[in-house]
Amino acid sequence: MRELTQIRQEIDEIDDKLVKLFSQRMKCSAEVAENKRGTGKAIYDPEREKQKIEVLTKGEENPFMKKTTEEIFLQLMSISRRYQYSILSREDHYIQKNFVEVDHLDINEDTKVVYQGIPGAYQEEAMVKYFGEDVKNFSVPEFKDVVKTLDAGEADYGVLPIENTSAGTVSGIYDMILDYDICIVGEETVECHHVLAGLPDSSLDQIKKVYSHHQGLLQCKKFLDQWDWDQVKVANTAISAKKVADDKDPSKAAICSKRAAKLYGLKILQREVNYEGNNTTRFVIMSKKKQYRTDARKVSISFSAPHEVGSLYNILMHFMFNDVNMCNIESRPLPGRQWEYGFYIDVIGNLNDPAIRNALAGIREETKDFKILGNF
């Protein structure tokens, strides 16, 4: 048996050769990119890669070596593609064709903003926080009505909740953004300090039924589990406050904001009923105009990928290769497409950043249903 130092010396010599061969291979990849420049020929050719793997592993009988050879060359080809994307990305005009860069959003005395709910809802609070008290605004009954209104050109901006720190992603919002020709142009956060509110002459021991948005009920589950109350879901927390005020029934209470309780003349029976101290909702500001601010610092994209080994990994490697930081990822099964999933990802950056453009160019070519949801 050889000494360990001899074995390591041989490994070092092999590694040195591998590095030189890898460098030589990447030079060839660059030539391939130059060859494809201006031809419109796709960089990603999955059929050729599959055939190449079959040829390289055909004579290998050891299952471990066959699998690792396949893994090594899949990664080599993935790295080569990313290198080619970086070479050709300067000629990729996808972003310029679809988005306009602006110094600031167009907000003036004629701007109209739509939100879901009624005055006192957290959506309205987010709207006021982002646009100011004096902006023209109107409300609609359902979340989907917000995107429909925007798509129809009946409002300039819309406000919708997208994520809560305790309850997670607000179901269906991403799908609505995908279904309509709108994009995210901003975001706002609102700390949600839920209270239990009832009529001025009501008390905790009188309550039999509590109303709130389903997220409000979920965020206050620990508190509500202490009581044998009927829980009724309504469209939003402000509507629950208005209903309690309108019904004039001391056995009914609402989980809502302090602002909504005050607005509808209710008495706060219990403060801070949400079980997490850090209960914050993130709202997105949407517009039909495909634009992004020069100082925007977050890019949101969506795409679909097959349920295959390594498919998502190879897509996410575009971010790592370009040193792009991913800050959020969501997935959901695609209706009518078995074993295929839609992904929603937020990364830190601006659509003007070369690293962002390189990463998105590669992901766009290697996925289905690619869409930039916005830069904000």
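An account of the accompanying structure is given in this report. Owing to the predicted nature of the structure, the values given are computational and were not obtained by experimental measurement. (Residues numbered from 1 in each chain as written. Predicted model: local features only at pLDDT ≥ 70, side-chain atom pairs only at ≥ 80, totals over all residues. Heavy atoms only, no water.)

**So, the packing of helix α3 (residues 63-88) against helix α13 (residues 354-366)**
Here is step 1: Where α3 contacts α13, the two axes come as close as 9 Å, and the packing angle between them is 120 degrees. As the angle between them shows, α3 and α13 are arranged oblique. Remark: the crossing between α3 and α13 carries right-handed chirality. Note on element contacts: α13 touches α3 through Asn358, Ala361, Gly362, Glu365 and Glu366, opposite Arg81, Tyr85 and Ser86. (Axes fitted to C-alpha atoms, helices over the stretch in contact; angles between N-to-C directions. Helix = DSSP H or I, 4+ residues; strand = E, 2+ residues; numbered from the N terminus. Parallel < 35°, antiparallel > 145°, perpendicular 65-115°, else oblique. Left-handed = near helix turned anticlockwise from the far one by under 90°. Contact = heavy atoms within 4.5 Å.)

**Quick notes on the pattern of salt bridges**
Pairing between side chains of opposite charge can happen when the charged atoms of each approach one another.
Here is step 1: For the structure shown, the criterion picks out 21 salt bridges.
Here is step 2: For Lys289, the salt bridge identified is with Asp106, shortest N-O distance 3.9 Å. Pair noted here: Lys289 is in the loop between β12 (280-287) and β13 (291-293) and Asp106 is in the loop between β1 (100-102) and β2 (112-116), with a separation of 183 residues, a long-range link.
Here is step 3: On the basis of relative accessible area, Asp106 is assigned to the partly exposed category, the value being 41%. (Salt bridge = Lys/Arg side-chain N within 4 Å of Asp/Glu carboxyl O. Buried < 20%, exposed > 50% of the residue type's maximum accessible area, 1.4 Å probe, protein only.)

**What about the sheet that holds strand β8 (residues 209-212)?**
Through backbone hydrogen bonds, the strands of a sheet pair up, either in parallel or in antiparallel fashion.
Here is step 1: Reading across the sheet, the 5 strands line up as β9-β8-β10-β7-β11 and stay open at both edges, with mixed pairing between neighbours. Strands with a single pairing partner mark the edges of an open sheet, and in this sheet they are β9 (230-233) and β11 (267-270). Sheet twist, expressed as the mean angle between neighbouring strand axes with direction ignored, is 35 degrees.
Here is step 2: The strands touched by helix α10 (residues 237-247) are β7 (195-198), β8 and β10 (252-256); relative to β10, the strand with the most contacts, the crossing angle is about 155 degrees. (Pairing = 2+ DSSP bridges.)

**Let's talk about the pairing of β2**
Here is step 1: When you tally the buried positions in β2, you get 4 out of 5 residues, the bulk of the element.
Here is step 2: Here 5 bridges tie β2 to strand β3 (residues 136-140), and the two strands are oriented parallel to one another. When the bridges of β3 are listed, Tyr115 appears paired with Ser139.
Here is step 3: Taken together, β2, helix α5 (residues 122-131) and β3 constitute a β-α-β crossover, and its handedness is right-handed.
Here is step 4: Alignment of β2 against strand β4 (residues 157-164), held across 3 bridges, turns out to be parallel. Among the inter-strand pairings, Tyr115 is bridged to a residue of β4, identified as Val159. (Right-handed = clockwise from strand over helix to strand, strands pointing away.)

**Notes on helix α6 (residues 143-151)**
Here is step 1: Those residues of α6 that fall on the buried side of the exposure criterion are Phe143, Val146, Val147, Thr149 and Leu150. For α6, the angular spread of the buried residues around the axis is 160 degrees, confining them to a single face.
Here is step 2: Close packing links the buried residues of α6 with β2, α5, β3, β4, α7 (173-179) and β12. (Arc of directions from axis to C-beta.)

**Examining unusual backbone geometry**
Here is step 1: Backbone geometry places Asp323, a non-glycine residue, at a positive phi of 60 degrees.
Here is step 2: Here Asp323 lies in the loop between α12 (311-321) and β15 (326-333).
Here is step 3: Exposure remark for Asp323: the relative accessible area of 73% places this residue in the exposed category.

**With respect to the packing of aromatic side chains**
Here is step 1: Taken as a whole and judged by the stated rule, the model has 8 aromatic pairs.
Here is step 2: For the pair Tyr130 and Phe131, a centre-to-centre distance of 4.9 Å together with 65 degrees between the ring planes defines the contact as edge-to-face.
Here is step 3: Residue Tyr130 is classed as partly exposed on the basis of its relative accessible area, which comes to 23%.
Here is step 4: You can call Phe131 buried: its relative accessible area is 12%.
Here is step 5: Three or more aromatic residues joined by ring pairs form one cluster here, namely Tyr130, Phe131 and Tyr157.
Here is step 6: In this structure, Arg364 is placed above the aromatic ring of Tyr94, and the distance from its NZ or CZ to the ring centre is 4.3 Å. (Phe/Tyr/Trp six-rings, centres within 6.5 Å; stacked < 30°, edge-to-face > 60°. Lys NZ or Arg CZ within 6 Å of the ring centre and 35° of its normal.)

**Overview of the packing of α3 against α12**
Here is step 1: In contact at an axis separation of 11 Å, α3 and α12 are set at 50 degrees when each is read in the N-to-C sense. When the interaxial angle is binned, α3 and α12 end up oblique. With respect to the hand of their crossing, α3 and α12 are arranged in right-handed fashion. Side by side, α3 and α12 meet where Gln75, Ser78, Arg82, Tyr83 and Tyr85 of the first sit next to Tyr313, Asn314, Met317, His318 and Phe321 of the second.

**Brief notes about the side chain of Arg282**
Here is step 1: With respect to the helices, strands and loops of the structure, Arg282 is situated in strand β12.
Here is step 2: Judged by relative accessible area, which is 11%, Arg282 ranks as buried.
Here is step 3: In this structure, Arg282 is in contact with Leu160, Pro161, Ile162, Glu163, Tyr174, Glu187, Glu188, Thr189, Lys298, Asn328, Asp346 and Phe376, ignoring residues within four places of it in sequence.

**Some thoughts on the nonpolar core**
If you look at soluble globular proteins, the nonpolar side chains tend to sit buried side by side.
Here is step 1: One finds Val159, Ile301, Leu351 and Ile372 to be the most contacted residues of the largest nonpolar core, which totals 37 residues.
Here is step 2: Residues Val140, Leu150, Val284 and Met286 belong to the second largest nonpolar core, which totals 22 residues. (Core = buried A, V, L, I, M, F, W, Y, C linked by side-chain atoms within 4.5 Å.)

**Remarks on helix α2 (residues 46-57)**
Here is step 1: In this model, α2 (12 residues) spans 17 Å end to end at C-alpha, consistent with the 16 Å of a helix rising 1.5 Å per residue.
Here is step 2: Of the residues making up α2, those classed as buried are Glu49, Ile53 and Thr57. One side of α2 holds all its buried residues, which, seen down the axis, span an arc of 55 degrees. Counted as exposed and oriented over 90 degrees from the buried face of α2: Arg48 and Val55.
Here is step 3: Buried-residue contacts for α2 involve α3. (Expected span 1.5 Å × (residues − 1).)

**Focus on the state of the cysteines**
Here is step 1: Counted according to the given criterion, the structure contains 0 disulfides.
Here is step 2: Here Cys256 is not disulfide-linked; the sulfur of Cys220 is the nearest cysteine sulfur, at 10.0 Å.
Here is step 3: Assessed through its relative accessible area of 0%, Cys256 is described here as buried. (Disulfide = S-S within 2.5 Å.)

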